[in-house]
Amino acid sequence: MKNLELIKSQICRIGRIMYKRGYISGPDGNISVRVDENTIITTPSGVSKGFLKEDMLVVIDIDGNVIEKTEFKPSSEIKMHLKVYREREDVNACVHAHSPFATTFAVLRKPLDKPILAESVFIFGGYIPVAPFATPSTVEVPESISPFVKDYDAILLSNHGVLTYDRDLEMAFYKLEIVEFWAKILFLSSQIGQPQILSPDEVQKVLSLKK
């Protein structure tokens with residue numbers, strides 16, 4: 001089993017960074033890490049991620065049952081995280097935020113589908129889908145992301161926010177940063193003129209760097 005205390009410390013650190021950068025407000029957002037096949041650590045419900053303490057984090061199993069006694073409840077969006085873990089064996093961390101620019105596209109229900117940055121093409125293939133609207137904290141949320149989980153590492157949640165995930169928490173957070181930066185540059189550049197989209201040949205050149 002991975003070092004639980006180290007993981008809890010990392011979750012709190014990422015929570016503080018998200019809060020300071022304005023990716024979340026109030027008790028918004030949530031973070032989870034899969035420790036092993038049946039053990040997950042998640043942020044608690046109703047607590048600002050900018051002021052997390054390690055003893056606030058909740059340890060649950062893959063079915064969402066609390067397996068370490070605590071006064072805190074698991075994140076209200078943990079069903080969404082569990083859906084990702086069940087669908088993707090390669091994923092061990094999920095980050096959900098309401099970062100302003102990515103959430104703007106989510107509110108518009110517009111996918112990030114313009115490959116204007118080489119980095120976004122390299123990481124995401126130049127496309128991030130939008131899941132249909134789902135009432136937060138309900139089973140509608142995992143159902144809404146189900147068509148996209150296997151093929152994408154980031155999903156915009158209609159009128160809600162953004163979800164990113166990867167093999168570890170650091171990479172999941174990096175992907176959140178890249179999504180937000182991509183959305184920001186696309187939004188700002190559209191205010192000035194017509195963003196120049198990478199051609200199919202240019203996209204392929206970027207993707208070839210992965211080989």
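Residues numbered from 1 in each chain as written. Predicted model: local features only at pLDDT ≥ 70, side-chain atom pairs only at ≥ 80, totals over all residues. Heavy atoms only, no water.

The protein chain carries the name Class II aldolase/adducin family protein in an unreviewed UniProt entry, which gives Caldicellulosiruptor morganii as its organism.

(A) How the structure looks around the pattern of salt bridges. Following the criterion strictly, the structure yields 11 salt bridges and no others. As a salt-bridge pair, Asp63 and Arg86 come within 3.8 Å of each other at their nearest N and O atoms. Of this pair, Asp63 sits in the loop between β3 (58–60) and α2 (78–87) while Arg86 sits in helix α2, and the two are 23 residues apart along the sequence. Accessibility expressed as a relative area gives 54% for Asp63, which makes it exposed. Between Asp113 and Lys114 there is a salt bridge, with its nearest N and O atoms 3.7 Å apart. For Asp113, a relative accessible area of 36% translates into the label partly exposed. The exposure class of Lys114 is partly exposed, given its relative accessible area of 30%. (Salt bridge = Lys/Arg side-chain N within 4 Å of Asp/Glu carboxyl O. Helix = DSSP H or I, 4+ residues; strand = E, 2+ residues; numbered from the N terminus. Buried < 20%, exposed > 50% of the residue type's maximum accessible area, 1.4 Å probe, protein only.)

(B) Just the packing of aromatic side chains, in detail. Counted under the stated rule, the structure contains 5 aromatic pairs. Ring centres 6.5 Å apart and planes at 25° place the aromatic pair Phe124 and Trp182 in the stacked group. Note that Phe124 is positioned in helix α4 (residues 118–124) and Trp182 in helix α6 (residues 169–192), a separation of 58 residues in sequence. The exposure classification of Phe124 matches that of Trp182, with both residues buried. Residue placement shows Lys210 over the ring face of Phe122; its charged tip is 5.4 Å from the ring centre. (Phe/Tyr/Trp six-rings, centres within 6.5 Å; stacked < 30°, edge-to-face > 60°. Lys NZ or Arg CZ within 6 Å of the ring centre and 35° of its normal.)

(C) A look at the UniProt feature "domain: Class II aldolase/adducin N-terminal" (unreviewed entry) in the protein chain. Mapped onto the present numbering, the UniProt feature "domain: Class II aldolase/adducin N-terminal" (unreviewed entry) falls on residues 9–187. What you have in residues 9–187 is 35% helix and 17% strand, and the ends, taken at the C-alpha atoms, are 34 Å apart. (UniProt positions renumbered as here; feature names shortened; annotations may be inferred.)

(D) Expanded view of the pairing of strand β4 (residues 93–97). Extensive coverage of β4 is indicated by the burial of 5 of its 5 residues. Because side chains alternate across β4, one face comprises the buried residues Ala93, Val95 and Ala97, and the other comprises Cys94 and His96, equally buried. As judged from the 4 bridges shared by strand β1 (residues 30–36) and β4, these two strands associate in the antiparallel manner. Along β4, the bridge assignment pairs Asn30 with His96. In terms of strand pairing, β4 meets strand β7 (residues 161–166) through 5 bridges, oriented antiparallel. Bridge pairing in β7 links His96 to Leu163. (Pairing = 2+ DSSP bridges.)

(E) How the structure looks around the nonpolar core. If you look at the biggest cluster of nonpolar residues, it comprises 40 residues, and the most contacted ones within it are Ile11, Met18, Leu112 and Leu156. Of all elements in the fold, only α1 (4–20), β1, β4, α3 (100–108), β6 (154–157) and α6 reach the threshold of two or more residues within this core. With 8 residues, α6 is the single largest residue contributor to this core. One finds Ile60, Tyr85, Val91 and Ala134 within the second-largest nonpolar core, a separate group that totals 21 residues. (Core = buried A, V, L, I, M, F, W, Y, C linked by side-chain atoms within 4.5 Å.)

(F) Structural context of unusual backbone geometry. Of note, the phi angle at Ser137 is positive, near 75°, even though the residue is not glycine. In this fold, Ser137 is placed in the loop between β5 (130–131) and α5 (140–145). Assessed through its relative accessible area of 31%, Ser137 is described here as partly exposed. One non-glycine residue, Asn159, lies in the positive phi region at around 55°. Inspection of the secondary structure puts Asn159 in the loop between β6 and β7. Look at Asn159 and you get partly exposed, because its relative accessible area is 37%.

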